[in-house]
Amino acid sequence: VIIYGDLPKNKENVIYLSNHQCTVDWIIADMLAIRQNALGHVRYVLKDGLKWLPLYGWYFSQHGGVYVKRSANFNEKEMREKLRAQMKAETPMYLVIFPEGTRYNPEIPKVIADSQSFAEKEGLAILKHVLTPRVKATHVAIDTMKDYLDAVYDVTVAYEGTVDHKGQRKLAPSMTEFLCKECPRVHIFIDRIDLKDIPEEQMYMRRWLHERFEIKDKLLIEFYDAKDSKRRNKFPGKSVHSKLSLKKTLPSLLFLGGLTASMLLTESGRKLYVKTWIYGTLIGCLWVSIKP
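All of these numbers come straight from a predicted model, not from anything done at the bench.

### What about the pattern of salt bridges?
Applying the stated rule across the entire model yields 17 salt bridges. Here Lys 51 ties to Asp 48 by a salt bridge, and the two come within 3.4 Å at their closest N and O atoms. Note on Lys 51: relative accessible area 11%, which makes it buried. With its nearest N and O atoms 2.8 Å apart, the salt bridge here joins Asp 154 to Arg 212. Of the two residues, Asp 154 sits in strand 6 (residues 151–159) while Arg 212 sits in helix 7 (residues 202–225), which places them 58 residues apart along the sequence. There is no split in this pair, since Asp 154 and Arg 212 are both buried. Three or more residues joined by partner-sharing salt bridges are found here, namely Glu 76, Arg 80, Asp 143, Lys 146 and Glu 200.

The structure is reproduced here in structure tokens:
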């Protein structure tokens, strides 16, 4: 894990804005949070369809996650109410938002082309390595929690090994590929932004957010397309090879592994495990359909 920029050592209440390429992006937020002793603070703004995931859909909702629909179906009131409930409960907030709304996938050029056409139509800069960001969820989150937040983290992520033999960008690693070391290094650029530097009105925030994604695009152009091959596969500026000590991860691994193993090694435990998945999924789906 190679980190660039300014990641504070202390935990903060933040909104985390990142480019989106694959499911591993979710874990990158955890990688940064654990380095601030804030792992349990991570919550996500998720597309609405994910609430039907077995067990996890209900878990994310109960853990402070916010499900949103795109475009005209976006429910601003519902999102504000969920965030206000979290603030009232004084919930630590490390709220992850992917403003592109969907993944950047080089194998689906139509999505990229449509995003670029929209930017051109709106008089915005055309972006190469990221999609045109959507502002609604970001604006609602910042506007609702502006007195609760310490900062906004603008995060740009790039995975090594995602360029083909022709020098063209290819699909980012899946979770399985990432865990099996198909990606040798992940590069993470963090820019900590004070709330006072972010415009409050949605119209101006939209322009500000697009400008932040222009910066991301320039970083990624440097990473993937730099004419000097020595400058590729890294972001400009100073970096730190951020190792993680076992004491931050081993206790939770032993606890979870021991708990799971103790269930699977006995007949009654295996029955409980299966019933948890079956009935937990049914109850969870019913719950999120009534109280998202």
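This is not the end of the story, as more comes after the structure.
### Some words on the UniProt feature "domain: Phospholipid/glycerol acyltransferase" (unreviewed entry) in the chain
Here, the residues flagged by UniProt with the feature "domain: Phospholipid/glycerol acyltransferase" (unreviewed entry) are residues 14–139. The distance separating the terminal C-alpha atoms of residues 14–139 is 14 Å; by composition the span is 38% helix and 14% strand.

### Some thoughts on the domain arrangement of the chain
Each domain of the chain was delimited in the assignment, giving domain 1 (2–243) and domain 2 (245–291). Averaged C-alpha coordinates put domain 1 and domain 2 at centres separated by 28 Å. Listed as interface residues are twelve residues of domain 1 and, on the opposing side, 13 residues of domain 2. Where domain 1 abuts domain 2, roughly 1000 Å² becomes buried across the two surfaces, and 69% of that area is made up of carbon and sulfur atoms. Interface area lost by domain 1 to domain 2 is led by Trp 52, Leu 55 and Trp 58, which between them contribute 47%. The interface formed by domain 1 and domain 2 includes zero salt bridges. At the junction of domain 1 with domain 2, the criterion picks out two residue pairs in polar contact (both at pLDDT 80 or more). The leading source of residues in the side of domain 1 that touches domain 2 is helix 2 (residues 56–62), at five residues. The residue makeup of the side of domain 1 that touches domain 2, split by class, is six nonpolar, four polar and two charged.

The rules behind the values
Residues numbered from 1 in each chain as written. Predicted model: local features only at pLDDT ≥ 70, side-chain atom pairs only at ≥ 80, totals over all residues. Heavy atoms only, no water. Salt bridge = Lys/Arg side-chain N within 4 Å of Asp/Glu carboxyl O. Buried < 20%, exposed > 50% of the residue type's maximum accessible area, 1.4 Å probe, protein only. Helix = DSSP H or I, 4+ residues; strand = E, 2+ residues; numbered from the N terminus. UniProt positions renumbered as here; feature names shortened; annotations may be inferred. Domains from an automatic or database assignment. Contact = heavy atoms within 4.5 Å. Buried area = accessible area lost by both parts, 1.4 Å probe. Polar contact = N/O pair within 3.5 Å; in protein donor to acceptor, adjacent residues only side chain to side chain. Nonpolar A, V, L, I, M, F, W, Y, C, P; charged D, E, K, R; others polar.

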